[in-house]
Amino acid sequence: MRWLLLLPVLIATTSPISASIRSWEEAVQDVKGKKYSPKWPSLDSRPLPEWFDRAKIGIFLHWGLYSVPGFGSEWFWSNWKGGDNKTVKFMEANYPPGFSYQEFAPMFKAEFFDPEKWASLFQKAGAKYVILTSKHHEGYTLFPSKRSFSWNAKEVGPKRDLVKDVANAVRNKNMKFGVYHSLYEWFNPIYIEDKKNLFTTRNYVNDKLWPDLKQLVHDYHPSVIWSDGDWEAFDVYWNSTAFLAWLYNDSPVKDTVVVNDRWGIGIPCHHGDFYNCADR
């Protein structure tokens with residue numbers, strides 16, 4: 001929470017309640033219709049949407065192909081390819097030689113998936129919002145990404161738009177819905193090429209990342225965008241400030257969306273609508 005948000009509270013300690021309410025309303029009115037430039041000082045001046053400050057409790061869901069082997073963590077593929085001893089031994093003991101990570105996709109059937117039951121449980125737990133992984137670092141998307149051909153839940157695996165299913169169930173229980181989205185993908189050849197070029201090229205960002213993020217915003221109207229996987233490059237490569245300026249100025253969720261602080265090297269704990277700074 002930024003100090004900007006605390007200011008009306010500090011004022012309220014020395015003013016009547018009615019005055020503090022007017023102060024807050026005036027502060028909101030001052031920025032209503034404001035255009036934010038793609039620079040951090042401007043983006044940071046945006047007030048936190050009030051719903052998030054009141055929500056308090058949310059549910060975070062990690063779900064993807066790594067749920068099929070169900071071993072270790074969501075970093076299964078990276079650990080396996082990186083030679084992690086326990087993961088390698090697990091694969092040798094349970095899968096045939098030459099088995100590829102992509103072969104997990106048809107096994108990811110989600111046959112017992114019941115989004116309405118999930119949503120009921122979350123509501124009973126007191127949650128006010130739910131965030132689902134739309135894509136982790138493996139690159140497989142739980143929505144029909146127009147840029148992840150045959151590597152998404154609609155085309156291979158469940159043959160369902162899992163993001164849509166969860167979003168609808170959550171909203172039917174009067175909770176907000178948000179998406180987690182990894183900026184980078186471990187083994188995407190376009191990203192690997194940009195990395196080899198020391199991030200002087202931006203083909204992955206322009207041809208994959210931005211189209212996916214904009215599709216998520218337009219198709220699902222998320223109230224939260226939880227960015228991750230930012231640590232390999234500076235925000236200039238990810239084009240983070242330009243994306244956030246569009247999100248705050250022109251997107252269909254410009255007045256309600258909140259974002260976290262993972263938008264490039266050096267950004268966590270410094271910029272974003274809320275800070276989580278590190279895992280756990």
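Going by the annotation in an unreviewed UniProt entry, the name recorded for the protein is alpha-L-fucosidase, with Danaus plexippus plexippus given as the source organism. Reading the Sequence similarities (unreviewed entry) entry of the UniProt record for the protein gives the comment "Belongs to the glycosyl hydrolase 29 family."

Of all seven residues making up strand β3 (residues 176–182), six are buried, and the element is well covered by its neighbours. Since strand β2 (residues 129–135) and β3 lie parallel, the crossover through helix α8 (residues 162–172) that links them has a hand, and here it is right-handed.

Moving on: the environment of Glu185. Summarising the element assignment, Glu185 is placed in the loop between β3 and α9 (189–196). The class of Glu185 is buried, set by a relative accessible area of 4%. Separated by 24 residues in sequence, Glu185 and Leu209 place their C-alpha atoms 9.6 Å apart. Excluding anything up to four places from it in sequence, Glu185 contacts Lys135, His137, Gly139, Tyr191, Tyr204 and Lys208. Engagement of the side chain of Glu185 in a polar contact is seen with the side chain of Tyr204, the distance being 3.5 Å.

Okay, a nonpolar patch on the surface next. On the surface, Phe234, Val236 and Ile265 cluster together to form a nonpolar patch covering roughly 290 Å² of accessible area. Assignment of secondary structure puts Val236 in helix α11 (residues 235–238).

Secondary-structure assignment places Val130 in strand β2. Separated by 45 residues in sequence, Val130 and Met175 place their C-alpha atoms 7.2 Å apart. Setting aside residues up to four positions removed in sequence, Val130 forms contacts with Ile59, Leu61, Phe122, Val170, Met175, Lys176, Phe177 and Gly178.

We now examine the state of the cysteines. The final tally for this structure, using the stated rule, is one disulfide. A sulfur-sulfur distance of 1.8 Å marks the disulfide that ties Cys269 to Cys277. On the S-S bond that ties Cys269 to Cys277, the torsion sits near 110°, and the link is right-handed. Using a relative accessible area of 35% as the deciding quantity, one classes Cys269 as partly exposed.

Next up on the list: the nonpolar core. Ranked by internal contacts, the top residues of the largest apolar core, which has 69 residues, are Tyr101, Tyr140, Ile225, Trp238, Phe243, Leu247 and Trp263. Sorting elements by how many residues they give to this core places helix α10 (residues 203–220) first, with eight residues. Taken together, domain 1 (36–64 + 115–259) and domain 2 (67–107) each give at least three residues to this core, which thus spans both. Apart from the residues within four sequence positions on either side, Trp263 is in contact with Trp40, Leu183, Ile225, Ser227, Asp230, Asp235, Trp238, Ser240, Phe243 and Leu244. Counting 11 residues, the second-largest nonpolar core is a separate cluster that includes Phe52, Tyr129, Tyr180 and Trp226.

Axis separation between α10 and helix α12 (residues 240–249) bottoms out at 12 Å; the angle between their running directions is 15°. When the axes of α10 and α12 are compared, the pair comes out roughly parallel. Here α10 and α12 pass one another in a crossing that is right-handed. Contacts between α10 and α12 pair Trp210, Leu213, Lys214, Val217 and His218 from the former with Ala242, Phe243, Trp246 and Leu247 from the latter. Here the contact of α10 with α12 is built from residues that sort into seven nonpolar, one polar and one charged.

Cut-off values and rules
Counting of residues starts from 1 at the beginning of each chain's written sequence and follows it residue by residue. In keeping with the model being predicted, local features are shown solely for residues with a pLDDT of at least 70 and side-chain atom pairs are shown and tallied solely at 80 or more, while totals for entire chains, interfaces and linings include all residues. To get the side-chain values, take all heavy atoms of the structure and skip hydrogens and water. UniProt positions are given in the numbering used here, feature names are shortened, and annotations may be inferred rather than shown by experiment. Only protein chains enter the accessibility calculation, which uses a 1.4 Å probe. A residue is then buried if its area is under 20% of the maximum for its type, exposed if over 50%, and partly exposed in between. We count a stretch as a helix when DSSP gives it H or I for four or more residues in a row; a strand needs E for two or more, and each element gets its number in order from the N terminus. Here is how to tell: hold the view so the strands point away, follow the path from the first strand over the helix to the second, and if it runs clockwise the crossover is right-handed. We call two residues contacting when some pair of their heavy atoms lies within 4.5 Å. In the analysis that follows, any N or O atom pair within 3.5 Å is treated as a polar contact, provided that within protein one partner can donate a hydrogen and the other can accept it, and provided that, for residues neighboring in sequence, both atoms belong to side chains. Two joining distances apply to patches: 9 Å for like charges and 5 Å for nonpolar side chains (Val, Leu, Ile, Met, Phe, Trp, Tyr), and every residue must have over 30% relative accessible area and no salt bridge. Here, Shrake-Rupley sampling with a 1.4 Å probe gives the accessible areas, and only protein chains in the shown set may cover a residue. The rule for a salt bridge is simple: a side-chain nitrogen of Lys or Arg has to be within 4 Å of a carboxyl oxygen of Asp or Glu. The definition used for a disulfide is geometric: two cysteine sulfur atoms within 2.5 Å. Put simply, buried Ala, Val, Leu, Ile, Met, Phe, Trp, Tyr and Cys residues joined by side-chain atoms within 4.5 Å make one nonpolar core. An automatic or database domain assignment supplies the residue ranges for each domain. Helix axes are fitted only over the stretch in contact, all axes being lines through C-alpha atoms; the angle between N-to-C directions runs from 0 to 180 degrees. Roughly parallel covers angles under 35 degrees, roughly antiparallel covers those over 145, roughly perpendicular covers 65 to 115, and oblique covers all other angles. Left-handed is the label given to a crossing in which the near helix is rotated counterclockwise from the far helix by less than a right angle, and right-handed is the label when the rotation is clockwise. Each residue receives one of three labels: charged for Asp, Glu, Lys and Arg, nonpolar for Ala, Val, Leu, Ile, Met, Phe, Trp, Tyr, Cys and Pro, and polar for the others, Gly being one of them.

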